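# Results of the structural survey
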Amino acid sequence: MRRILLIVMCFSMLGCGDHLTKRISMGMVEGWAEGNAMTTVAQEYLKEKGYHIVIHKAAPNLLLASMDNGDTDIFMNVWLPKTHGDKVAPFHKIQSVATNYEGALLGLVVPDYVEISSIEELNANVDKFDGKIMGIERGTGMAIYTDSVILAYDLNFRQLNSSMVAMAAELNKAINEKRWIVATAWQPHWLFGRFDLKFLEDPNKIYGEVEHIETFARQDFDKDFPEVYRFFQHAFFDEETMADLLTKMEASKNQKETARQWIQENRSMLDAWWGGSAQ
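These notes cover the structure that comes with them. (Residues numbered from 1 in each chain as written. Predicted model: local features only at pLDDT ≥ 70, side-chain atom pairs only at ≥ 80, totals over all residues. Heavy atoms only, no water.)

## Regarding the layout of surface pockets
Put simply, the rule is: The definitions used throughout rest on a 1 Å grid laid over the protein atoms alone, on which a cavity is an enclosed set of points accommodating a 1.4 Å probe that cannot get out and a pocket is an open set flanked by protein within 12 Å on both sides along at least five of seven lines; lining residues are those having an atom within 4 Å of a point. Grid points are joined across faces, edges and corners, and a volume is the space filled by probe spheres set on the points. Each helix corresponds to a stretch of at least 4 residues labelled H or I by DSSP, and each strand to a stretch of at least 2 residues labelled E; elements are numbered beginning at the N terminus.
The space that makes up the largest pocket amounts to roughly 500 Å³. Lining the largest pocket are 25 residues, and of these Gly31, Ala33, Asn36, Trp190 and Gln255 sit closest to its centre. Contributing elements (two or more residues each) for the lining of the largest pocket: α3 (33-48), β2 (52-57), α7 (164-176), α11 (239-250) and α12 (255-265). With six residues, α3 is the largest single contributor of residues to the lining of the largest pocket.

## Considerations on the side chain of threonine 241
Selection criterion: Polar contacts, as used here, are pairs of N or O atoms within 3.5 Å; protein pairs need one atom able to donate a hydrogen and one able to accept it. Residues neighboring in sequence count only if both atoms are side-chain atoms. Note on definitions: a residue-residue contact is assigned when non-hydrogen atoms from the two residues lie within 4.5 Å.
Topologically, threonine 241 is positioned in helix α11. Only 2.6 Å separates the side chain of threonine 241 from the side chain of aspartate 238, close enough to count as a polar contact. If sequence neighbours within four positions are ignored, threonine 241 has contacts with Trp262 and Met269.

## Brief notes about the packing of α3 against helix α13 (residues 267-275)
To be explicit about the condition: Axis definition: a line fitted to C-alpha atoms, over the contacting stretch in the case of helices. Angles run 0 to 180 degrees between N-to-C directions. Any angle between 65 and 115 degrees counts as roughly perpendicular, while under 35 counts as roughly parallel, over 145 as roughly antiparallel, and the rest as oblique.
The interhelical angle for the contact between α3 and α13, taken along N-to-C directions, is 70°, at an axis separation of 12 Å. Between α3 and α13, the angle falls in the class roughly perpendicular. For the pair α3 and α13, the contacting residues are Val41, Tyr45, Leu46 and Glu48 in the first and Arg267, Leu270, Asp271 and Trp274 in the second.

## Notes on the pattern of salt bridges
Selection rule: The term salt bridge refers to a pairing of a side-chain nitrogen on Lys or Arg with a carboxyl oxygen on Asp or Glu at a separation within 4 Å. Only protein chains enter the area calculation, which uses a 1.4 Å probe; residues under 20% of their type maximum are buried, those over 50% are exposed, and those in between are partly exposed.
Evaluation of the coordinates by the stated rule reveals 16 salt bridges. For arginine 267, the salt bridge goes to glutamate 48, with nearest N and O atoms at 2.9 Å. Of this pair, arginine 267 sits in helix α13 while glutamate 48 sits in helix α3, and the two are 219 residues apart along the sequence. Between arginine 218 and aspartate 224 there is a salt bridge whose closest N-O contact spans 2.9 Å. We classify arginine 218 as buried; its relative accessible area is 10%. Take aspartate 224: its relative accessible area is 46%, and that puts it in the partly exposed class.

## Some details on unusual backbone geometry
The phi angle of most residues is negative, glycine excepted, and most peptide bonds adopt the trans form. Here the bond from leucine 80 into proline 81 is cis, since omega is 10°, no more than 30 degrees from zero. Residue proline 188 is bonded to the preceding glutamine 187 through a cis peptide linkage, with omega at 20°. Counting through the fold element by element, proline 188 comes out in the loop between β7 (183-187) and α8 (191-194).

## What to know about the packing of aromatic side chains
Note the threshold: Only the six-membered ring of Trp is used, alongside the rings of Phe and Tyr, when aromatic pairs are assigned; centres must lie within 6.5 Å, and planes under 30 degrees apart are stacked while those over 60 apart are edge-to-face, with the rest tilted. Each ring is checked for a lysine NZ or an arginine CZ that lies within 6 Å of its centre and within 35 degrees of its normal; such an atom marks a charge sitting over the ring.
Inspection of the entire model under this criterion finds 14 aromatic pairs. Their ring planes at 70° and their centres at 6.2 Å tell us that tyrosine 51 and phenylalanine 225 sit as a pair that is edge-to-face. Of this pair, tyrosine 51 sits in the loop between α3 and β2 while phenylalanine 225 sits in the loop between α9 (221-224) and α10 (226-234), placing them 174 residues apart in sequence. Residue class for tyrosine 51 comes out buried when judged on its relative accessible area of 10%. Residue classification places phenylalanine 225 among the buried positions, given a relative accessible area of 9%. One aromatic cluster in this structure is built from Tyr45, Tyr51, Phe221, Phe225, Tyr229, Phe231, Phe232, Phe237, Trp262, Trp273 and Trp274. Here the guanidinium or amino end of lysine 22 rests over the ring plane of tyrosine 51, the centre of that ring lying 4.4 Å away. Across from the ring centre of tyrosine 145, 5.1 Å away, lies the NZ or CZ of lysine 82, which sits over that ring.

Set out below in structure tokens:
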């Protein structure tokens, strides 16, 4: 009897039926600034439209597998064609929704005062860099590619793997002291808004060419949530828009509140996405 009463209360007082039917799960990789920022903006905007957004945090391959299983609905941070190409390939119950960012890059970066321009020049300056490449978490695509770079260019360097936050702290310290430092990085990222950095040329293209970022969804998401699917079809961040969002998010003490403020500042753009057009 108590169970029946609770169910009745849930539907009559809390609107749980609508709450469940408008539940959307979004994938997010912890520490990936661009994905976190886009996802948080989407989450807060869709909440305005009455949707209940659940965030699933995991590595990209796990999120893709979760979408393939139907457990995660959408993921806004798939780098193609190279970075996540092999990770996407095994799954056949996911689909690309749209490109949300063009001109993405990843590779090795140095402060602009460092007097080299190519990975091929690293060995000649190994002492200035103390033989270290500051990396992010072991097992990420960036870390794996960097291991390949060390082998391909026969670098007398070792990759020091830690968190994104730790790597950024090392960059900040070195730049304040005007020391030479080389680190793994990608763009878009708030690092480029805070520091004057440059990518080292990668003649062997181990890190790949310029990429783009796509939103992927589980099979039938477009049928289950046509309005939301249309929103993601048109959600696109140009370089200036992304840089503005990332800079504000990185300085924020409450990213959801910052996202809500950013939505107010850019409401016409997001409303255009919702309405099915690009601004």
